[in-house]
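Letter by letter, the chains look like this.
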Amino acid sequence: MNKKTIGLAALALVAGTAVQAADLPSNILYDANSEKKTLWPQPVVNSGVLKYNEHRQDLSRWPTLSYEDKRPTRKAETVELKGDLNGDAKRGKEIAMNTQRGNCWACHVLPGDPQGGTGGPTLVGFKHRGYPDSYVYQTIWDRRAINPGAIMPPYGTNGVLPEQDIRDLVAFLQSLD
Amino acid sequence: MRKPIILASLALAAIAGGAAAAEKPYRDMIPYIDYSNPAASGDAKHTNTYQYWKDRDKLDPARVTSGQLNWTTNWKFMDAPYNDTLHGGYVAQDRGEELFKRLNATGAFAACLGARNNDLKGLRLQYPQFREDMNRVVGMEAMIEQCAEKQGMKLENGSYDNSAVSIYIGAFSNGMPIKIDVSKGPLKESFEHGKELFHTRVGWTNFACATCHVNLVGKSLRGQTPTTHFGDASHWPTYRTKDELQSLHVRFTECNRNAGTQPLKIGSQEYTDIEVFLTALTNGYPVSLPSARD
């Protein structure tokens, strides 16, 4: 009885370790009991300890730089835009010009933004460039499917924005004069 | 009776074998640029801004004050001794002196860090280093935490007080060029790992450090312009003008968050390897503390 219990306990321990190893690395700044999970360290003047704050979103869902992280990066997805675009340009603008959502303006110039980024091409006058909706949709979903070395975030493949948000963004871009 | 134990052993063996055989998970990479002879001057073949910041006393004021060209000075205009306006880095240096004197009453703290006869000059150049007793490569701030603990003081790696002590000690090496040897042994291994991590794409953005510092260097990212990763490591910890004293590892956690990547623990092997990589890319450039940057 005793031996059996020990044996079972050993099994449980092994299983527990395996689950953790397959799940999240042990050396990330993370608190499973906090609301947002992801933590960031804040130095406090004249203090020998860091203050840990919650980040605005849980970033542990995606691969990290940890050597323990065995989760693969998702490869490029080719997608087809099905049916009518059915996008809301006004909603798309709210997603594009919001640092905590699409954050498109970090890298692109958008009309009315004095701080626009220059990491990617300007999006001013986009409607005159004649790109089909399906091509714009694929680019936002995962640009790597068009250009394997592309650095634009794969919003669809990585589950950052849902399909409707991407449809709204396409509608917004195709409205830019 | 025996069966569960055998099963448990089998399971353990399978996991151990699996871990050993486990391949690296798939990652997209940013292609390497030339790191064959790591040194600050290597930037000449990258952003070619080295010419504007290598001679700090000849920094062009027009470049420094230009919103478009400021990034090409690599923030060297806010380094000591060229910037002696009283910023938070100097306040931290004073705090560091006070803490150091308390910690080093017997000389054991400085000796623990590797100083000979309490001489702090040149100590900064010995880091990052491989510690045989710990069997790992460590940065100066990691050792400050270790050695302070032996004196009964908690100086968590990345905390204000830890960075303050690091700035105080580091400033004794002001003007002395960084020169770590990453051509052999554990530092070479750490350098190679750091180089790989720097170019590894992760997070929801699928960005690497190199996405911003190789591909997008000099581009405007909503008010921030990424600078070259060459010649940077010799002025950390630094005072960020948003009023925060940051060690290099604390900065990495902010870089990670800005790029949509889950940050790692301060002092982790991964961050230490990136620190070694960046320090080697600063070889030949002098220690310059205290410093400030946006």
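Is there a simple way to think about the pairing of strand β2 (residues 50-54) of chain A in this case?
Within a regular beta strand, the side chains point alternately toward one face of the sheet and then the other, so they alternate between its two faces. All names here are of chain A. Here strand β1 (residues 39-43) pairs with β2 via 5 bridges, running antiparallel. Across the sheet, residue W40 finds its bridge partner in β2, namely N53. Two successive antiparallel strands, β1 and β2, enclose a turn made up of 6 residues, where N46 displays a positive phi of approximately 60°.

Honestly, the domain arrangement of chain B in this entry has me stumped. Any pointers?
Interface size is often expressed as the accessible area that is lost when the parts come together. Residues and elements named next belong to chain B. Once the domains are mapped, chain B shows domain 1 (40-83 + 177-293) and domain 2 (88-173). Domain 1 and domain 2 are separated by 22 Å when their C-alpha centres are compared. With 29 residues of domain 1 in contact, the opposing surface of domain 2 contributes 26 residues. Buried area between domain 1 and domain 2, both sides added, is near 2,200 Å², and the carbon and sulfur share of it is 65%. At the surface where domain 1 touches domain 2, the tally comes to 0 salt bridges.

What exactly am I supposed to notice about the state of the cysteines here?
A covalent bond between the sulfur atoms of two cysteines is what we call a disulfide. Under the criterion given, the structure shown has 1 disulfide over all chains. Linked covalently through their sulfurs, C112(B) and C147(B) form a disulfide whose S-S length is 2.0 Å. As the torsion about the S-S bond is roughly -75°, the C112(B)-C147(B) disulfide counts as left-handed. In this pair, C112(B) is assigned in helix α5 (residues 108-113) and C147(B) in helix α6 (residues 140-150), connecting sequence segments 35 residues apart. Judged on exposure class, the residue C112(B) and its partner C147(B) are both buried. With no disulfide of its own, C107(A) lies 7.3 Å from the sulfur of C212(B), the closest cysteine sulfur. Here C212(B) falls in the buried class, since its relative accessible area comes to 18%.

Would you take a moment to explain the confidence of the model for chain B for this structure?
Low pLDDT marks stretches whose predicted atomic positions should not be read closely. Per-residue pLDDT for chain B has a mean of 92; in total, 93% of the residues score no lower than 70. Confidence drops under a pLDDT of 50 for residues 1-21 of chain B, and excluding neighbours within four residues, the segment shows 15 contacts in the predicted structure.

In this structure, what is going on with unusual backbone geometry? I would like to understand it.
Glycine aside, the phi torsion of most residues is negative, and most peptide linkages are trans. All names here are of chain B. Cis geometry marks the peptide bond from A80 to P81, where omega comes out at 0°. Residue P128 follows Y127 across a cis peptide bond; omega there is -10°. Within the secondary structure layout, P128 lies in the loop between α5 and β1 (129-131). Positive phi values are uncommon outside glycine, yet N135 reaches one of about 55°. Position of N135 relative to the elements: it lies in the loop between β1 and β2 (136-138). In this model, N206 sits at a positive phi of 55°, which is unusual for a non-glycine residue. Within the element layout of this structure, N206 appears in the loop between α8 (185-198) and α9 (209-215). Take N206: its relative accessible area is 1%, and that puts it in the buried class.

Help me out: how do you make sense of α8(B) in this one?
Think of an α-helix as 3.6 residues a turn; residues three or four steps apart then line up on the same face. Residue and element names in this part refer to chain B. Between the first and last C-alpha of α8 there are 20 Å, a value that for 14 residues agrees with the 20 Å anticipated at 1.5 Å per step. Turning to α8, its buried residues are L187, S190, F191, G194, K195, L197 and F198. End-on view of α8: buried residues confined to an arc of 160°, all on one side of the axis. Packed against the buried residues of α8 are β2, α9 and α11 (269-280).

Just to check I follow, could you spell out the environment of P263(B) for this structure?
With respect to the element layout, P263(B) can be found in the loop between α10 (248-258) and α11. The buried category is assigned to P263(B), whose relative accessible area is 0%. In this structure the C-alpha to C-alpha distance between P263(B) and H249(B), which are 14 residues apart in sequence, comes to 9.9 Å. Among all residues touching P263(B), those that are not within four sequence positions of it are I28(A), L29(A), T38(A), L39(A), L59(A), T253(B), N256(B), R257(B) and Y271(B).

Explanation requested: the side chain of R293(B) in the structure shown.
With respect to the helices and strands, the residue R293(B) is situated in strand β5 (residues 292-293). Apart from the residues lying within four places of it in its own chain, the contact partners of R293(B) are N74(B), W75(B), M78(B), T227(B), D232(B), H235(B), W236(B), T238(B), Y239(B), R240(B) and T241(B).

I'm lost on the nonpolar core in this one. Help?
Nonpolar side chains tend to gather and get buried jointly when the protein is soluble and globular. In this structure, Y35(B), V182(B), F191(B), I274(B), V276(B), F277(B) and L278(B) are the most contacted members of the largest nonpolar core, which totals 29 residues. Sorting elements by how many residues they give to this core places α11(B) first, with 6 residues. Setting aside its immediate chain neighbours within four residues, V182(B) contacts P38(B), L187(B), K188(B), F191(B), V276(B) and A280(B). If you look at the next biggest cluster of nonpolar residues, it comprises 26 residues, including W105(A), F126(A), Y155(A) and W204(B).

Conventions and cut-offs
- Residues numbered from 1 in each chain as written.
- Chains lettered and ligands numbered in written order.
- Predicted model: local features only at pLDDT ≥ 70, side-chain atom pairs only at ≥ 80, totals over all residues.
- Heavy atoms only, no water.
- Pairing = 2+ DSSP bridges.
- Helix = DSSP H or I, 4+ residues; strand = E, 2+ residues; numbered from the N terminus.
- Domains from an automatic or database assignment.
- Contact = heavy atoms within 4.5 Å.
- Buried area = accessible area lost by both parts, 1.4 Å probe.
- Salt bridge = Lys/Arg side-chain N within 4 Å of Asp/Glu carboxyl O.
- Disulfide = S-S within 2.5 Å.
- Buried < 20%, exposed > 50% of the residue type's maximum accessible area, 1.4 Å probe, protein only.
- pLDDT = per-residue confidence, 0-100.
- Expected span 1.5 Å × (residues − 1).
- Arc of directions from axis to C-beta.
- Core = buried A, V, L, I, M, F, W, Y, C linked by side-chain atoms within 4.5 Å.

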